[in-house]
Amino acid sequence: MKFIVQRDKLIASVQDVMKAISARTAIPILTGMKIEAKKNGLLLTGSNSDISIESHIPVEEEGIVHIEQIEEGSIVLQARYFPEIVRKLPEKTVEVEADANLNVTIRSGKAEFNLNGQDADEYPQLPKLQTDESFELPIDLLKNLIKQTVFAVSTMETRPILTGVNLKLEDNKLSFTATDSHRLASREIPMDSTNVSFSSVVVPGKSLNELSKILDDSEETVEISVTNNQILFRTKHLNFLSRLLDGNYPETSRLIPDQSKTVIHIKTKELLNTIDRASLLAKEDRNNVVKLTTKSNQIVEITGNSPEVGRVVEEVNVDSIQGEELKISFSSKYMLDALKAIEYDEVKIDFTGAMRPFIIRPANNDPILQLILPVRTY
Amino acid sequence: MLASYAIIKVRQILKERLEMKQKRKGRIIFHVDMNAFYASVEMAYNPELKGKPLAIAGNPEERKGIIVTSSYEARAKGVKTTMPLWQARKLCPELVVMRPNFERYRTASTEIFKLLAEITPYVQPVSIDEGYMDITEYDRSLGSPLEIAQQLQNAIKTKLDLSCSIGIAPNKFLAKMASDMKKPFGITVLRKREIGAKLWPLPIEEMYGVGSKTAEKLKKFNINTIGDLAKTDVYQLKQVLGINGERLQNRANGIDPSPVDPDAVHEFKSIGNSQTFAHDTTDEREIHHLMEKLADNVERRMKRKQAVGRSVQLMIRYSDRKTITRSKKVPYYLDTRKDILQIVHELWQKHWSQDPIRLIGITVQDVEEKQNIAHQLDLFTYEKEASKEKLYEAIETLTEKYGDNLFIQDPQQKNSNEEKEQPRTSFQKDFLDDFKH
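Structure report, in brief. What you are looking at is a predicted structure, and each value in this text was computed from that prediction instead of being measured. (Residues numbered from 1 in each chain as written. Chains lettered and ligands numbered in written order. Predicted model: local features only at pLDDT ≥ 70, side-chain atom pairs only at ≥ 80, totals over all residues. Heavy atoms only, no water.)

With respect to the pattern of salt bridges
Next up, step 1: Following the criterion strictly, the structure yields 38 salt bridges over all chains and no others.
Next up, step 2: For A:E210, the salt bridge is made with A:K213, and the minimal N-O distance between the two is 3.6 Å. With A:E210 and A:K213 both in helix 4 (residues 205-214) and 3 residues apart, the pair spans about one turn of that helix.
Next up, step 3: Owing to a relative accessible area of 18%, A:E210 belongs among the buried residues under this scheme.
Next up, step 4: On the accessibility criterion, A:K213 (57% relative accessible area) is exposed.
Next up, step 5: Here A:R356 ties to B:E383 by a salt bridge, and the two come within 3.3 Å at their closest N and O atoms. Here A:R356 is found in the loop between strand 26 (346-351) and strand 27 (358-362), whereas its partner B:E383 is found in helix 15 (residues 382-386) on a different chain.
Next up, step 6: On the basis of relative accessibility, which here comes to 22%, the residue A:R356 falls in the partly exposed class.
Next up, step 7: A relative accessible area of 45% places B:E383 in the partly exposed class. (Salt bridge = Lys/Arg side-chain N within 4 Å of Asp/Glu carboxyl O. Helix = DSSP H or I, 4+ residues; strand = E, 2+ residues; numbered from the N terminus. Buried < 20%, exposed > 50% of the residue type's maximum accessible area, 1.4 Å probe, protein only.)

Following this line, the structure appears as structure tokens:
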């Protein structure tokens, strides 16, 4: 196997597949990166038990040549050393050559590295996706869907299914839902031109985070295919395959209250800044609790209190308060996460009682929903 | 229940007064140390044991049985704490071995601390069989400090048939060192001006706060006595021992500003439990069984303390004595056996090397009293709590009117019908709460 490749192309590709490579894995060869040289370009592969990433570098693109002198073949290289080596090579091009004894030579300018490779035949076959059904999404929209929901997944293995984001495609609507059982984030978008549908697909939150990092904004759409146990995200140069989580995602829609006792309309930024200040005195190791109290028609009071440190009180003007008076305590962190995810200037908060969930939505009723459970102070 | 609120208030006032007072010079601190405590309690229970070599051992039948403590008669034959049972029997064939009866020791301990508390409210229990007292503001009509110590020692002897050693000094460290100087049944006064003659000649490992590892480090730097430590360059010491070096050196020079804090025993950061297997094992069923038992104990003690924690630590000691501790912090507070085990199993899966295990320990860390924290409601279970919303509202209204602590569930009352929960080792200080109530 042999090729000469533009170093910056190789670096970008290596960085992408590294997201799937873990130093600790049950199958030793998966600590390595597979490189295949073919007539039409290079294919780099990284994989762990949850995700597999393939990155393709074409021989040429829009008339610009990326790879030269290709001799077909494949090899697995130690992922611990290869990326650093490539990053620090002196010249703009890199020559990689592997001989029959799996000795790999990497040359750039006057630098020459000799690495021991591993036989690519021993690298496990990536599962082939058994479906032709797929749908497309603009990349920036997918990234937004991820950003607005994934932060709410559980970090605990207590209920493994909650460490994932629930994807649904039904009745021409695509929805993303995540909850750690203390808060819930969900967003729905219309999907007109597809006949694909699925209901309980749960993608590990970690996979979506990694995906979001490597999706390139310059590419336009991503093609998504779903099977029983895998989901594939495909762009022009990238295949991102993730395992799905086993089990039934809890039916969350019936947990979301549809009535409210107190409704507040407020400017997102003002509330966000006030909560942020109040949280300075809300101790992290005590759930970051702040308290919200309705004062009059136009004012709510936010307080933070830490017996050892001190107390903060701040009044915020709201656009309107309707319904009952309210005094409620909640985690400032959850509130900040939710407000940041909403990305609208004005929000509407529906409260259903001091011990019940409240819901934050954009004031214009866009189908983004952030639900938070309050805390009870003993 | 209002009474318990009053007690808390009184404690606060006492603490403030104590702090004010301790800014002045010339404290008088006692360190009361019970002699061969477990063995002595057994002898007090059964006078026929008196004069015989007696040992209390963890598990008399099993291989890992080690001496927890022994009477002076047994010590004379060379029996030592932590010695394996078989070795002790070799040295002293007529040794009488008993399993520990923690309930007896606990009762005795409570009685002892009651006697201490009669002299001053400033009593800080350190463990089941030792404690500090600050008698700086003692009642002069009781006599001189030395006479008070004698009266206390005699009272413990006549009322409880137990002997103790008392150290009298201007601070806790010196009092502790002093109580060690004459055993059993001694009273030692250690004045600061005497440390050159009485303290400095002692080998470094006899200094309180210097364990075998620290002693080893110090000896490498030719620090062999407490006097050597007192004279070593602080900078050099800090290199070896870090910040602790300076504190140790201060103590070696007779300086220890730490107050006798009656509430120290209430401050807890972790609650844990560990146990050695009867034999080294890789049998996961057996290991999980022990984990469940340990988690049970931890849960019981947390409930007892009305405490919750948010970090769980698993300790694994392998057959080669190599010990690892791994912990996981969670974003909520936990106090149930189920939650504890969940994390323990997670840590176990991740970190067990498959090698044979000798000991397992489970500790809940970052512990807080329930009353200091808020409870995050759960989407899937909030209905249960929300149904009590009216009740909580009522409580809040009444609390605003009448003050705190009106409605705290009284754990003692709740458990009165159940079996009383017993601590199982001397490290568990929970019961020390009791002598005041």
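Some points on the packing of aromatic side chains
Next up, step 1: In this structure the tally under the stated criterion is 8 aromatic pairs over all chains.
Next up, step 2: On the numbers, 5.0 Å between centres and 35° between planes, the contact of A:F351 with A:F358 is tilted.
Next up, step 3: Overall, the relative accessible area of 0% leaves A:F358 in the buried class.
Next up, step 4: Stacked on the ring of B:F380, the Lys or Arg A:R159 has its end atom at 4.5 Å from the ring centre.
Next up, step 5: Its end group placed over the ring of B:Y72, B:R75 keeps NZ or CZ at 4.8 Å from the ring centre. (Phe/Tyr/Trp six-rings, centres within 6.5 Å; stacked < 30°, edge-to-face > 60°. Lys NZ or Arg CZ within 6 Å of the ring centre and 35° of its normal.)

Here we look at the sheet that holds strand 18 (residues 230-234) of chain A
Residues and elements named next belong to chain A.
Next up, step 1: Ordered in space as 8-2-3-4-19-18-17-12, the 8 strands form an open sheet in which the pairing is antiparallel. Sheet topology places strand 8 (73-78) and strand 12 (135-138) at the edges, where each strand pairs with a single neighbour. Each adjacent strand pair in this sheet contributes to an overall mean axis angle of 20°, direction not counted.
Next up, step 2: This element, helix 3 (residues 139-149), spans strand 12, strand 17 (221-226) and strand 18 of the sheet and lies at about 85° to strand 12.
Next up, step 3: Sitting on the sheet, helix 4 is in contact with strand 4 (51-58), strand 18 and strand 19 (238-243), with an inclination near 170° to strand 19. (Pairing = 2+ DSSP bridges. Axes fitted to C-alpha atoms, helices over the stretch in contact; angles between N-to-C directions. Contact = heavy atoms within 4.5 Å.)

Details of the interface of chain A and chain B
Next up, step 1: Taken together, the contact between chain A and chain B spans 33 residues of the former and 28 residues of the latter.
Next up, step 2: Counting the surface lost from both chain A and chain B, the interface buries some 3,000 Å², and carbon and sulfur atoms represent 55% of this.
Next up, step 3: On the surface where chain A and chain B come into contact, there are 1 salt bridge.
Next up, step 4: Taken together, the links from chain A to chain B amount to 5 residue pairs in polar contact (both at pLDDT 80 or more).
Next up, step 5: Sorting the residues of the side of chain A that touches chain B by element identifies strand 25 (327-331) and strand 29 (375-377) of chain A as the ones contributing at least two each.
Next up, step 6: It is strand 29 of chain A that provides the largest number of residues to the side of chain A that touches chain B, a total of 3 residues. (Buried area = accessible area lost by both parts, 1.4 Å probe. Polar contact = N/O pair within 3.5 Å; in protein donor to acceptor, adjacent residues only side chain to side chain.)

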